[in-house]
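So the chains spell out like this:
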Amino acid sequence: TWDITKLKSNWRGLYFDLYVMLDIFSRKVMRWEVHVTETGDLAKAFIENAIIANGGARPDYLHADNGTSMTSKPVSQLLSDLHITDSHSRPHVSNDNPYSEAHFKTLKYCTVFPGNFSSIDEARAFCALFFDYYNNEHRHSGIGLHTPQSVHDGTARQIRERRQQVLDAAYAARPDRFRGRRPLAPALPGKAWINKPRPTIQSQETTGINQAA
């Protein structure tokens, strides 16, 4: 999923545009850029840069809201050429891009977020620090208190196993502290969805057959 948010400058009515692409499973920021405006051509270049920066890997789906840049001809044509399914929020539904919206809230409610920026270079410098922290140090509650990078590269599984070993040792030593209930490390994330498809009659029948079997 990707989106654009406004960053305030020190001058009234002047904003910088922050473009961010997220992997919704790991919550990792795959690419970010700050520009002085928002256009379809810049959005197209942003997506191309995201693919290049990640070794040419392309997502099967790319979700966005219905902003003019997201629905622009340059972006639509690019996604079609790359065989990426173009997904958009439903009309008049404000929370159909929840991962991007939640991420922007984390950014702007960060205690060190300056509120406004004196230049685009200052905005880019802050974002470079923030996104490095977010990917590699931030313990995300939505992914079992792991970092986005550890979930993305698969090391979160080993980290969870070590966490569980520590909890098991603590429980073995003092079960009374846990009222006899074995503590469990937070679970790793399962599937991630935006606009999860409703089950069809056929899938419901198949599920029923599997359960009966």
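Here the structure is shown first, and the text comes after it.
Residues numbered from 1 in each chain as written. Predicted model: local features only at pLDDT ≥ 70, side-chain atom pairs only at ≥ 80, totals over all residues. Heavy atoms only, no water.

S.K.: Can you explain the nonpolar core? Please cite residues and give values.
M.R.: Nonpolar side chains tend to gather and get buried jointly when the protein is soluble and globular. Grouped together as the largest cluster of nonpolar side chains are 22 residues, with contacts concentrated most on Leu7 and Leu18. Elements with a contribution of two residues or more to this core: strand 2 (15–22), strand 3 (29–35), helix 3 (98–108) and helix 4 (120–136). Per element, the largest residue contribution to this core is seven residues, and it comes from helix 4. Leave out the neighbours within four places in its chain, and Leu18 touches Asp3, Ile4, Thr5, Leu7, Trp32, Glu33, Val34, Phe104, Leu107, Cys127 and Phe131. Grouped together as the second largest cluster of nonpolar side chains are 17 residues, Tyr19, Phe46, Leu79 and Ile84 included. (Core = buried A, V, L, I, M, F, W, Y, C linked by side-chain atoms within 4.5 Å. Buried < 20%, exposed > 50% of the residue type's maximum accessible area, 1.4 Å probe, protein only. Helix = DSSP H or I, 4+ residues; strand = E, 2+ residues; numbered from the N terminus. Contact = heavy atoms within 4.5 Å.)

S.K.: Report on the side chain of Ser69, specifying residues and quantitative values.
M.R.: With respect to the secondary-structure elements, Ser69 resides in the loop between strand 4 (61–64) and helix 2 (73–81). With a relative accessible area of 1%, Ser69 lands in the buried category. Not counting residues up to four positions away in its chain, the partners in contact with Ser69 are Trp2, Ile4, Glu38, Thr39, Gly40, Ala43 and Val75.

S.K.: For the pattern of salt bridges, give the residues involved together with the corresponding values.
M.R.: A complete count under the given rule lists five salt bridges for this structure. We note a salt bridge from Lys6 to Asp17, for which the minimum N-O separation is 2.7 Å. In this pair, Lys6 sits in strand 1 (residues 2–8) while Asp17 sits in strand 2, placing the two residues eleven residues apart along the sequence. Note on Lys6: relative accessible area 42%, which makes it partly exposed. In this structure, the salt-bridge partner of Lys44 is Glu48, at a minimum N-O distance of 3.0 Å. Of this pair, Lys44 and Glu48 both sit in helix 1 (residues 40–53), four residues apart, roughly one helical turn. Residue class for Glu48 comes out partly exposed when judged on its relative accessible area of 28%. (Salt bridge = Lys/Arg side-chain N within 4 Å of Asp/Glu carboxyl O.)

S.K.: Please set out the packing of aromatic side chains residue by residue, giving values where relevant.
M.R.: If you walk through the whole model with that rule in mind, you get eleven aromatic pairs. Both rings, one in Phe113 and one in Phe117, keep their centres 5.8 Å apart while their planes meet at 80°; by these two values the pair is edge-to-face. This pair shows no difference in class: Phe113 is buried, exactly as Phe117 is. When the ring of Phe130 is compared with that of Phe131, the centres are 5.3 Å apart and the planes differ by 75°; the resulting orientation is edge-to-face. As far as burial versus exposure is concerned, Phe130 and Phe131 are alike and both buried. (Phe/Tyr/Trp six-rings, centres within 6.5 Å; stacked < 30°, edge-to-face > 60°.)

S.K.: Mind laying out the sheet that holds strand 1, listing which residues take part and the relevant values?
M.R.: On the basis of which strands lie adjacent, the open sheet formed by three strands has the order 1-2-3 and antiparallel pairing. Of all strands in the sheet, those with a lone pairing partner are strand 1 and strand 3, marking the two edges. For this sheet, the mean inter-axis angle between neighbouring strands, taken without regard to orientation, is 20°. Inspection of the sheet shows strand 2 paired to strand 3 by six bridges, in the antiparallel sense. Bridge pairing in strand 3 links Leu18 to Val34. Lying on the sheet, helix 1 is in contact with strand 1, strand 2 and strand 3; it crosses strand 3 at an angle near 145°. Helix 3 rests against strand 1, strand 2 and strand 3 of the sheet, and its axis sits at about 25° to strand 1. (Pairing = 2+ DSSP bridges. Axes fitted to C-alpha atoms, helices over the stretch in contact; angles between N-to-C directions.)

S.K.: Kindly report on unusual backbone geometry, identifying the contributing residues and their values.
M.R.: At Arg27, a position not held by glycine, the phi torsion is positive, near 70°. Within the secondary structure layout, Arg27 lies in the loop between strand 2 and strand 3. Despite not being glycine, Arg179 shows a phi value in the positive range, around 55°. As for its placement among the helices and strands, Arg179 is situated in the loop between helix 6 (156–173) and helix 7 (201–212).

The quantities given are spatial measurements derived from coordinates; they are silent on function.
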